[in-house]
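Single-letter residue listing:
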Amino acid sequence: MTELPNLSEERIKKPSWLKVKLPVGENYRNLRNLVDQHKLHTICESGNCPNMGECWGAGTATFMILGNICTRSCSFCNVATGKNPEYDRSEPLRVADAIRLMNVKHAVITSVNRDELPDKGAWVWAETIRKTKELNPHTTMETLIPDFMGHWDLLYEVIDEKPEVVSHNMETVKRLYRTVRMQAKYERSLEQIQKTKERGLRTKSGVMLGLGETQEEVLEVMKDLSEHGCDVMTLGQYLQPTKMHHIVERFVTPDEFKFYETEGMKMGFDVVESGPLVRSSYHAEKHI
């Protein structure tokens, strides 16, 4: 039986280095209006990202396709879980048009898991990439994709549209998959990154810290990623969205994040973004 996190434990007080500015400004309001007008979903909102004010204020957002309800129930994630009624074949065009209206130079797109669909959402993914390129020929793109339950033909259907960066997050260390990513598989995620790299694409992955992992386990997942062809890695602090989610076991210090950045560069990553407020799409335009 899967051991659930201790929800009754008092949450640890956030340290000073995790303070962020509230979202304000004209750019933020304009992007807010575009998202609402086009009936778009963003992981910025669904994931309660601490950088939303900064990124939206700069005119960038991470679009989330295939609805806003996920078929999986990861204990860290604030995206709603359940059966998604949406399968909107017009969504790829709406996302591409919003990117055009925003004049985005580097677009980041992610999705919920749609394990119930025969193609796991691969057609919408591929069509979104195609439409984005068609309407925005000078825009580069990062796609943060699910694992398609190991159906590699569906993976190829998406990545053969050749976005500039293909990201798939490990999220945590191997030992914690049973409590943090119950419906995912550590080895499957590594295999996906390797297959993406073998297809000649730039690869990226990220993990959250503070879920109960040890330093040795963090270095292990970093080493595994490097050996499976990952080019870019991000490490950030896990923040508990609600009392019903996995607790924060500890707040990792900026010095420890700097240690992982140094070790990651020694392992051969092209880029390592490591810091308390780092998220997988943070500074994504620098990861091309």
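Just so it is clear, the model here is predicted, and its values are computed rather than measured.

**Re the packing of aromatic side chains**
Aromatic ring pairs: the centre-centre distance and the angle between the two ring planes describe each pair.
Now for step 1: Here the structure, examined in full by the defined rule, presents two aromatic pairs.
Now for step 2: On the numbers, 5.5 Å between centres and 85 degrees between planes, the contact of Tyr 177 with Tyr 186 is edge-to-face.
Now for step 3: Owing to a relative accessible area of 5%, Tyr 177 belongs among the buried residues under this scheme.
Now for step 4: Arg 199 extends its terminal NZ or CZ atom over the ring of Tyr 156, reaching a point 3.8 Å from the ring centre.

**Overview of unusual backbone geometry**
Now for step 1: Located in the positive-phi region is Phe 148, a residue other than glycine, with phi close to 55 degrees.
Now for step 2: Structurally, the position occupied by Phe 148 is in the loop between strand 6 (140-144) and helix 6 (152-159).
Now for step 3: Assessed through its relative accessible area of 2%, Phe 148 is described here as buried.
Now for step 4: Here the phi dihedral of Met 149 falls at roughly 55 degrees; this positive angle occurs in a residue that is not glycine.
Now for step 5: As for its position among the elements, Met 149 is in the loop between strand 6 and helix 6.

**Description of the pattern of salt bridges**
Now for step 1: On inspection of all chains with the given rule, the structure shows 21 salt bridges.
Now for step 2: Salt-bridge contacts for Glu 142 lead to Lys 204; the nearest nitrogen and oxygen are separated by 2.9 Å. Here the residue Glu 142 occupies a position in strand 6, and Lys 204 occupies one in strand 8 (residues 202-209), the gap between them amounting to 62 residues.
Now for step 3: Since its relative accessible area comes to 0%, Glu 142 is described here as buried.
Now for step 4: Owing to a relative accessible area of 1%, Lys 204 belongs among the buried residues under this scheme.

**Points about the side chain of Asp 119**
Now for step 1: Along the chain, Asp 119 falls in the loop between strand 5 (106-111) and helix 5 (122-135).
Now for step 2: For Asp 119, which is buried and forms no salt bridge, the nearest opposite charge comes from Arg 89, at a distance of 6.9 Å.
Now for step 3: In terms of polar contacts, Asp 119 uses its side chain to reach the backbone amide nitrogen of Trp 123, at 2.9 Å.
Now for step 4: Leaving out residues up to four positions away in the same chain, Asp 119 has contacts with Tyr 87, Phe 148 and Leu 154.

**Some details on the side chain of Thr 132**
Now for step 1: Along the polypeptide, Thr 132 turns up in helix 5.
Now for step 2: Contact partners of Thr 132, with chain neighbours within four places excluded, come to Ala 96, Ile 99, Ile 109 and Met 141.

**Regarding the nonpolar core**
Now for step 1: Counting 33 residues, the largest nonpolar core has Met 170, Leu 209, Leu 225 and Leu 235 as its most contacted members.
Now for step 2: Among the elements that line this core, the one with the most residues is helix 9 (residues 215-227), at four residues.
Now for step 3: With residues near it in sequence (within four places) discarded, Met 170 still touches Tyr 177, Arg 181, Tyr 186, Ser 189, Leu 190, Ile 193, Ser 205, Gly 206, Val 207, Val 221 and Leu 225.
Now for step 4: The next biggest cluster of nonpolar side chains, apart from the first, holds 29 residues, and it includes Cys 70, Val 79, Ile 129 and Tyr 156.

**As for the packing of helix 5 against helix 6**
Now for step 1: Contact pair helix 5 / helix 6: the axes reach a minimum separation of 8 Å and the direction vectors enclose 15 degrees. With respect to helix 6, the axis of helix 5 lies roughly parallel. Taken as a pair, helix 5 and helix 6 cross one another with a handedness that is right-handed. In this structure, helix 5 contributes Ala 122, Trp 123, Trp 125, Ala 126 and Ile 129 to the contact, and helix 6 contributes Leu 154, Glu 157 and Val 158.
Now for step 2: Each residue belonging to the contact of helix 5 with helix 6 can be placed in one class, and the counts come to seven nonpolar, no polar and one charged.

**Remarks on the packing of helix 8 (residues 186-198) against helix 9**
Now for step 1: The interhelical angle for the contact between helix 8 and helix 9, taken along N-to-C directions, is 35 degrees, at an axis separation of 9 Å. Of the residues in helix 9, those touching helix 8 at Tyr 186, Leu 190 and Ile 193 are Glu 220, Val 221, Asp 224 and Leu 225.

**Brief notes about the pairing of strand 6**
Now for step 1: Burial analysis of strand 6 places four of its five residues in the buried class, which makes it a mostly covered element.
Now for step 2: In terms of strand pairing, strand 5 meets strand 6 through five bridges, oriented parallel. Each residue of the ladder has a partner; that of Ile 109, found in strand 6, is Thr 143.
Now for step 3: Handedness of the crossover joining strand 5 and strand 6 through helix 5: right-handed.
Now for step 4: Note that strand 6 and strand 7 (residues 165-167) share three bridges and pair parallel.

About the criteria used
- Residues numbered from 1 in each chain as written.
- Predicted model: local features only at pLDDT ≥ 70, side-chain atom pairs only at ≥ 80, totals over all residues.
- Heavy atoms only, no water.
- Phe/Tyr/Trp six-rings, centres within 6.5 Å; stacked < 30°, edge-to-face > 60°.
- Buried < 20%, exposed > 50% of the residue type's maximum accessible area, 1.4 Å probe, protein only.
- Lys NZ or Arg CZ within 6 Å of the ring centre and 35° of its normal.
- Helix = DSSP H or I, 4+ residues; strand = E, 2+ residues; numbered from the N terminus.
- Salt bridge = Lys/Arg side-chain N within 4 Å of Asp/Glu carboxyl O.
- Lys, Arg positive; Asp, Glu negative; His and termini not counted.
- Polar contact = N/O pair within 3.5 Å; in protein donor to acceptor, adjacent residues only side chain to side chain.
- Contact = heavy atoms within 4.5 Å.
- Core = buried A, V, L, I, M, F, W, Y, C linked by side-chain atoms within 4.5 Å.
- Axes fitted to C-alpha atoms, helices over the stretch in contact; angles between N-to-C directions.
- Parallel < 35°, antiparallel > 145°, perpendicular 65-115°, else oblique.
- Left-handed = near helix turned anticlockwise from the far one by under 90°.
- Nonpolar A, V, L, I, M, F, W, Y, C, P; charged D, E, K, R; others polar.
- Pairing = 2+ DSSP bridges.
- Right-handed = clockwise from strand over helix to strand, strands pointing away.

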